[in-house]
Amino acid sequence: MDALQKDAEYLSLLKEIKQKVRKAQLQALRKVNRSLIQLYWEIGKKIVEKQETMGWGKAVVENLASDLQLEFPGIKGFSARNLWNMRNFFLAYREDKNLQTLSAEISWSHNVAILEKCASNSERRFYMEMAKKFGWSYRVLVNQIENQAFQKYLSSQTNFSKTIQKKYRHQAHMAVKDEYVFDFLEVGEEHSERELERNLLEHVRQFLIEMGGYFAFIGNQFRLEIDDEEFFIDLLLYHRALRCLVAVELKMGKFKPEYAGKMQFYLSVLDDRFKLAEENPSIGIIICQNKNRTIVEYTLKDVGKPIGVSTYKVHKRLPEKMSKYFPTAEEFAEKLKGLFPEKS
């Protein structure tokens, strides 16, 4: 008994020390990262200042890269391309103290990806906050940018803010696009719901990629039987990150409010009869050819189940201007404040 007790105490001690070591390692890495970001900021600042005051051109970057690599042969990061990144890094954030602070909380490779792939500082702040809060790897970050997570968060129409647990809310918002592009399908502009469904099944891999990458296919025309009556969900998926079933309904033409009522019914049945105990409540996505955004907002306003409404197109074309649906700078700040509360 004493030996077992000692073993248990030893294992507890070992676990505690391991945690402390990992915490110290993480703190050390963060300190090194902040120092590196600060160094790159200072180098970028010096390059910009000399170019602005001395009128130096591109040659200064090439010369610096060559001389620094000769002086510090074992240190990476002094290529001409990376020096340009440092210069652009300083130029992008020199007027924004918040982004300067945030940039030190993520790695240099993350910063470069955000700097190169994002058009505005609002978008950059979004990805910085997300990468910091959720520990996104470089690959995950790039995937989120390429899947337009920022645009999805701003323009998608869902009621997730009041129907999904806070800890899953950000992921749920990004799980639903405002518009899907099914340009891999072999259908004309005029097609039926069944034809659309059949083509999606024939190209299920491309379909799941377009849906966002975290989805797994469960089945089509998923059968629900209630008191000898049958009902069928067009497509049933599973979202690995949200750990929940996702019912997808495909509709021709414009969104109608009654579609949400039918989806609520499906979700109630899924949660009651198919959801596993450890899984989260199911969500629904209604995909239509087009929608009136105001009607969608009123429809979802008092709906109790988590539902998103999206549109789709089957051929690539120039995207419609979505700026009128994006929030103002003040509204965007409030939206981000809800996602990333300020520390007291």
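On a predicted model such as this, the values are computed, not experimentally measured, just so you know. (Residues numbered from 1 in each chain as written. Predicted model: local features only at pLDDT ≥ 70, side-chain atom pairs only at ≥ 80, totals over all residues. Heavy atoms only, no water.)

Q: Just checking my understanding: could you explain the overall build of the protein for this structure?
A: Looking only at helices and strands, one finds 15 helices and 7 strands in the protein. Within the protein, the fraction of its 344 residues that count as buried is 43%. Pairs at least 24 residues apart make up 64% of the contacts formed inside the protein by residues separated by at least 6 positions. (Helix = DSSP H or I, 4+ residues; strand = E, 2+ residues; numbered from the N terminus. Buried < 20%, exposed > 50% of the residue type's maximum accessible area, 1.4 Å probe, protein only. Contact = heavy atoms within 4.5 Å.)

Q: How should the side chain of N85 be read in this particular structure?
A: Looking at the secondary structure, you find N85 in helix α3 (residues 80-93). Dropping the residues within four chain positions of it, N85 is found in contact with W108, V112, L115 and E116.

Q: What am I meant to see in helix α6 (residues 121-134) here?
A: Helical geometry: 3.6 residues make up each α-helical turn, so side chains three or four residues apart lie on a common side. Look at α6: 20 Å from first C-alpha to last across 14 residues, which is about the 20 Å you get at 1.5 Å a residue. Considered for burial, the residues of α6 that qualify are E123, R124, F126, Y127, M128, E129, M130 and A131. Just downstream of α6, G135 is the residue with a positive phi angle, here 60 degrees. (Expected span 1.5 Å × (residues − 1).)

Q: How should the nonpolar core be read in this particular structure?
A: Within soluble globular proteins, side chains that are nonpolar tend to cluster in buried spots. With 40 residues, the main nonpolar core has Y93, I114, F126 and Y127 as its most contacted residues. Among residues more than four places away in sequence, those in contact with Y127 are I114, C118, W136, L141, Q144, I145, Q148, A149, F150 and Q151. Judged by nonpolar contacts, the second largest core, of 30 residues, contains L185, L208, V246 and Y312. (Core = buried A, V, L, I, M, F, W, Y, C linked by side-chain atoms within 4.5 Å.)

Q: Would you take a moment to explain unusual backbone geometry for this structure?
A: Among all residues except glycine, the phi angle is most often negative; among peptide bonds, the trans geometry is most common. Here the phi dihedral of Q221 falls at roughly 45 degrees; this positive angle occurs in a residue that is not glycine. Note on placement: Q221 falls in strand β3 (residues 215-226). The exposure class of Q221 is partly exposed, given its relative accessible area of 23%. A positive phi is found at D227, a non-glycine position, where the angle reads about 50 degrees. Note on placement: D227 falls in the loop between β3 and β4 (229-239). Under the relative-accessibility criterion, D227 is labelled exposed at 70%.

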